[in-house]
Every structure is written in C-alpha cells, then in structure tokens.
Amino acid sequence: MTAGQAAVPGAQDHGRPLLNRRLAGFGTTIFAEMSALAVRTGAINLGQGFPDTDGPEEIREAAVRALRDGRGNQYPPGPGIPELRGAVAEHQQRFYGLGYDPETEVLITAGATEAIAASLLALVEPGDEVIALEPYYDSYAASIAMAGGTRVPVTLRPRDGAYHLDLDELRDAVTDRTRLLLLNTPHNPTGTVLSRAELAAVAELCVERDLLAVTDEVYEHLVFDGEHHPLAGFPGMRERTVTISSSGKTFSLTGWKVGWVTGTPALVSAVRSAKQYLTYVSAGPFQYAIAEALALPDDYYTALREGLRARRDLLAAGLREAGFEVFRAAGTYFITTDIRPLGADDGVAFCLSLPERVGVVAVPTQVFYDHAEAGAPYVRFAFCKREEVLADAARRLRGVAGTV
C-alpha cells in the first residue's frame, strides 16, 4: 500500500470485496493525506496545489452579486449558463485563435477533474488503451479505471535539469487497441511545457493513427518559460480533441470548481452524456462570476504569471541551498526535486517524515507513476503560496540535510 492509498473499512462483505475491482488500489488521494499531515503537525503545506490567497476581489464580489440577485441559486442549465459558455468561447478565440460555438461546442463542468472523468467515461470502451504521460495527476488513473480502459504510461524523464518527452517512446506505445491520448501540458507534477515542435509531432501521430486526444490545460496561463499551445490548434486536431481547462488555477479560486470542455459538437455531446449523470450541474452563482473573470484584461494574466515566476524562483533557490537537485519548472505551481543528493532515495518515506523533522509538507511523486521505481527519489513542492511562507519554508528546509 502506497502513501496515496488507504484501507477501506469493512472492505470484505461475506468474502466479497465491497470496492469495485476497477478501483481496487485507489484509496485516499495523496493530496488529502499530506494536507491532513500538515494540519496534524502544524507544518507549512507545500504539498497540495492550492494558493493561500484568494482570487480577485471584483470576481468574488461578482459571485456575491449573483447570490443576492438570485442568479444561479437554483439549477443552472445543464451545459452551463450562456454567459459563461460565451466567455469560454471568447477566451479560446482571444488567446489562441480557436473558434468554438458556445451553444454546441462548450460544456461547463465541476472543475477539470469532472471534465476528465466525464470525457473518459464517454469516449473509452472497456479494453481500450489510453496513453498518459507519467508521472500523472492521480485522477487520470482512477478515471481510466472507472471507464474500463487500460492505462499505458509514457514516462517523462529528467535530463539536463528538466523533464522531457521521448517522442519515439510515445510512438512505440500506440497499438491497434489505443483509443486516445490523455495529454497534460503545462504538466503536473513535473512543470514541463511541451514545445510547439513536440506538440506538432503528437498531432501528426494522432492523425496518422486515428487517435482521439483529451488535453488537460488547467495551467495554460501559468507558463514561465516558453509558450502554451493548445493541441486542438494543430492540423487535423480540432475534430479529434477534447480540450479541458478550469478557473481554479487561473483565478486562485480552486474551491469554486468551475471547469469547462471545448470540442466539436459530437465530442461535447458525448462528454455531456456522461457528465449529466455525475453532477448534472454545479457552482451556479460562481459561473456568473467566472464569466466576468475570463474577460479580465491582459494585465491580470501578466501579473499572475510574473508573480508566480518570482515565487518559483524564490523556492527553487531555497531548495538548491538546502541540497536538493532542482528540476526546471517551465510552468504550473510545482517544482520537482531529486532527494538523492541529501542521502535519501525513498520519496514516500522522506515526505512522511519531513513534517516532523523540519515542519514542511511535500508530495512524493512516486505515487503518480505506474513504474514506481522510476519516481522513487523525486519529491514535488508547490510554490503557489505567499512569498513570506515560501521564505519560511526555505529557511526550515536548510536543516533537512542533517536529519536524513
């Protein structure tokens, strides 16, 4: 049992497991476990990726207005309110030149996590193979399992101070049973941002092998080195790509759980068919506020990116000073480190003991791998916190070498 798994009380009923076999091995998420450890020990939580400040005041006030005006207090429309679907379509056109019809090509979801689950439940048949970049956000594995698919990991490997995709390995992973590619860029947990050339090669492969693509782009506005390019914008990809994003990371409002799907009418209709039996609808008043948020001026997005870049650099410097090998985070909220320079090689044990030793919580990336041994010495830290919190964490971590 890994750090991300927990026993199910009463797991046997007259000799038969209570938990569906597809979810066997999936217990409490590592994020919940490490956040609970932070609370229990009073440690600084650099494990789970949520900010410690709230989003723009004018957007929070927009939610209050919606509540007071009675907008969204009852069930909103199943696909999402028209104002938000229109704002999502305008966002895709504004930033990427991608045109979507808000009536038929946009679907609002309960965050990106529901969008991922609904997409896989809708598009994957039992036995289909789904390729995902390893290490991966833990809901991918559970969603593929719930859909009855077979997960095929392609491993991002550290080299020259960053993680890289091996396009030959990706090509070799495709078989006659491959249904779709589940792609995450900017990538959690490694911070990798796939280049235009890499994405062009991925697109060519999808077209050549007639693959669908589901892309998780929730960190699209948090790119510090390079540029984000939606896969749907490459030749032949609009008609075969379900693009997923959300408001939580872009507006520091992770608790609102407002996400969205864009794609062709046929793809969006398929995803909606599954989504309507999950939450049906959610976040009514918040949908009105996020519609306003998406229209914020470019200055907002620039300030968000530059503020997080400064915090990335602050934490990275502190981690290097503490003795970690630090991999370059071109995007996202996260820095991945190698603990072997500190004399440790088991990330799970390291993270479970770190709060007691120095008062900081991190996440072992081993739990995001099928090939656990490939991720054993790596640990992820979140830098989406106030600068004074990061400075305090860096100060505490300076003492970690003497406790390993």
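Per chain, residues are indexed from 1 in the order of the written sequence. Given that the model is predicted, a residue must reach a pLDDT of at least 70 before its local features are reported, and side-chain atom pairs must reach 80 or more before they are shown or counted; all residues, however, enter totals for whole chains, interfaces and linings. Water and hydrogen atoms play no part in the side-chain values, which are based on all heavy atoms of the structure.

Counted as salt bridges are all cases of a side-chain nitrogen of Lys or Arg within 4 Å of a carboxyl oxygen of Asp or Glu. One pass over the structure, following the stated rule, counts 22 salt bridges. Measuring nitrogen to oxygen at the nearest pair gives 3.8 Å for the salt bridge that ties E103 to R85. With E103 in the loop between α3 (82-96) and β4 (106-109) and R85 in helix α3, this residue pair connects regions lying 18 residues apart in the sequence. Here's how the labels work: a residue is buried when its accessible area is under 20% of the maximum for its type, exposed when over 50%, partly exposed in between, all with a 1.4 Å probe on protein chains only. The exposure class assigned to E103 is exposed, which follows from its relative accessible area of 55%. The shortest N-O distance in the salt bridge between R309 and E306 comes to 2.9 Å. On the criterion of helical spacing, the pair formed by R309 and E306 is a turn pair, its members being three residues apart in helix α11 (residues 298-322). Taken together, the salt bridges that share partners define one network made up of D225, R305, E306, R309, R312 and D313. Put simply, DSSP marks the helices as runs of H or I at least four residues long and the strands as runs of E at least two long, and each gets a number from the N terminus on.

Glancing now at the UniProt feature "domain: Aminotransferase class I/classII large" (unreviewed entry) in the protein chain. Per the UniProt entry, the sites bearing "domain: Aminotransferase class I/classII large" (unreviewed entry) are residues 43-396 in this numbering. Secondary structure content for residues 43-396 is 41% helix and 18% strand, and the end C-alpha separation is 10 Å. UniProt positions are given in the numbering used here, feature names are shortened, and annotations may be inferred rather than shown by experiment.

Quick look at a nonpolar patch on the surface now. Patch membership requires over 30% relative accessible area and the absence of a salt bridge. Like charges are linked within 9 Å, and nonpolar side chains (Val, Leu, Ile, Met, Phe, Trp, Tyr) within 5 Å. All accessible areas in this document rest on Shrake-Rupley with a 1.4 Å probe, and a residue is counted as covered only by the protein chains that are shown. Residues L121, M146 and L278 make up a contiguous nonpolar surface patch of about 230 Å² in total accessible area. Along the chain, L121 falls in helix α4 (residues 111-123). The class of L121 is partly exposed, set by a relative accessible area of 34%.

Moving on, we get to the environment of D176. For D176, the location among the structural elements is in the loop between α6 (167-173) and β9 (178-184). Assessed through its relative accessible area of 78%, D176 is described here as exposed. Along the chain, D176 and T113 lie 63 residues apart, while their C-alpha atoms are 28 Å from each other.

Bringing the sheet that holds strand β12 (residues 259-262) into the picture now. As summarised here, the arrangement of the seven strands in space is β4-β12-β11-β10-β9-β5-β6, forming an open sheet in which the pairing is mixed. Strands at the two margins of the open sheet, each flanked by one partner only, are β4 and β6 (150-155). Across the sheet, the mean angle separating the axes of adjacent strands is 20° when strand polarity is ignored. Two strands make a pair as long as DSSP finds a minimum of two bridges between them. Relative to strand β10 (residues 212-216), β9 is paired through five bridges, and the arrangement is parallel. Residue N184 lies in a different strand from β10, and its bridge partner there is D216. Residue contacts are counted whenever heavy atoms from the two residues lie within 4.5 Å of one another. All axes are obtained by fitting lines to C-alpha atoms, using only the stretch in contact for helices, and the reported angles, taken between N-to-C directions, cover 0 to 180 degrees. Along the sheet face, α3 touches β4, β11 (241-246) and β12 and points at about 115° away from the line of β4.

A helix is expected to span 1.5 Å for every residue after the first. With twelve residues, helix α2 (residues 57-68) extends 16 Å from end C-alpha to end C-alpha; this agrees with the ideal 16 Å at 1.5 Å per step. Along α2, the positions that sit buried rather than exposed are I59, A62, A63 and A66. Seen along its axis, α2 keeps its buried residues to an arc of 100°; they face one direction. Facing away from the buried side of α2, by more than 90 degrees, are the exposed residues E57 and R68. Lining the buried residues of α2 we find α10 (284-293). Directions pointing from the helix axis toward each C-beta atom define the arc.

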